[in-house]
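# Fold and geometry: a report
Listed below, chain by chain, are the residues.
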Amino acid sequence: MKLADAAQDFLAQPRVAVVGVSRRPGHVTNYVFKKLRAAGREVIPVNPAASEIEGVRCYPDLRSIPGTVSAVLVITPPHAAASVVRECVDLGIKRVWLHRSLGVGSAPEEAVRIAREGQLRLIPSGCPMMFCEPVDVAHRCFRWCLQLTRRLPATIEA
């Protein structure tokens, strides 16, 4: 599947959990959270150290969210990503995006392996802000650079 198609499928989901949103309002993770909300999604923040983020009730983990979530964006430190992906497998959440720009990001090998073994539709790199319209100039440039250097795959396993 083309990465752009997988990104659009992920972004079309009405209820998305963002794991790793910060308690600090100006943190980079919160920009992604706010962008998805502005795009009309119901976005649920997940952070075990917060009860509210950006005025929205926050949950300590995916299991605590009432109802179902159709997609999960993981913006955690690398050491926390595998347990989040394992929770997605356990809960039957099939769409997972592991945020990654430079370095490992939220996509350590263990998290990627767990997602593939769990047959998740995994986006193992990049940022939703590279695909969520309107895409700002910085994220267009960043997407181009990551594609050029092959750090952003053209296709993913579906």
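Higher on the page you've got the structure.
Being a predicted model, the structure only gives us computed values, none of them experimental.

Here we take up the sheet that holds strand β2 (residues 42-46). One open sheet holds the 5 strands; their spatial order is β2-β1-β5-β6-β7, and the pairing between them is parallel. Taken across any chain shown, the strands that pair with only one partner, and hence form the sheet edges, are β2 and β7 (121-123). Each strand of the sheet is rotated relative to its neighbour by a mean of 20 degrees, with strand direction disregarded. Strand direction decides the pairing type here: strand β1 (residues 15-19) and strand β5 (residues 71-74), joined by 4 bridges, are parallel. Each bridged residue has a counterpart across the sheet, and for A17 the counterpart in β5 is V72.

Turning next to the pairing of strand β6 (residues 95-98). Bridging between β5 and β6 involves 4 bridges; their strand directions are parallel. Paired with A71 across the bridge in β6 is R95. In this fold, β5 hands off to helix α3 (residues 78-91), which returns the chain to β6; that crossover is right-handed. Bridging between β6 and β7 involves 3 bridges; their strand directions are parallel. Within β7, the residue paired with V96 across the bridge is L122.

A complete count under the given rule lists 2 aromatic pairs for this structure. Ring geometry for F10 against W97: centres 5.3 Å apart, planes inclined by 80 degrees, an arrangement best described as edge-to-face. Here the residue F10 occupies a position in helix α1 (residues 3-11), and W97 occupies one in strand β6, the gap between them amounting to 87 residues. The burial state of F10 is the same as that of W97; both residues are buried. Ring pairs connect the aromatic residues F10, W97 and F131, which therefore count as one cluster. Positioned over the ring face of F131 is R143, at 5.2 Å from the centre of the ring.

It is worth spelling out the pattern of salt bridges at this point. Taken as a whole, this structure holds 8 salt bridges when the rule is applied. Across the pair E87 and R63 runs a salt bridge, and its minimum N-O distance is 3.4 Å. Of the two residues, E87 is situated in helix α3 and R63 in the loop between β4 (56-57) and β5; the sequence distance between them amounts to 24 residues. For E87, a relative accessible area of 11% puts it in the buried group. Each of D9, R95 and R121 takes part in salt bridges that share partners, so that together they form one network.

Calculation notes
Residues numbered from 1 in each chain as written. Predicted model: local features only at pLDDT ≥ 70, side-chain atom pairs only at ≥ 80, totals over all residues. Heavy atoms only, no water. Pairing = 2+ DSSP bridges. Helix = DSSP H or I, 4+ residues; strand = E, 2+ residues; numbered from the N terminus. Axes fitted to C-alpha atoms, helices over the stretch in contact; angles between N-to-C directions. Right-handed = clockwise from strand over helix to strand, strands pointing away. Phe/Tyr/Trp six-rings, centres within 6.5 Å; stacked < 30°, edge-to-face > 60°. Buried < 20%, exposed > 50% of the residue type's maximum accessible area, 1.4 Å probe, protein only. Lys NZ or Arg CZ within 6 Å of the ring centre and 35° of its normal. Salt bridge = Lys/Arg side-chain N within 4 Å of Asp/Glu carboxyl O.

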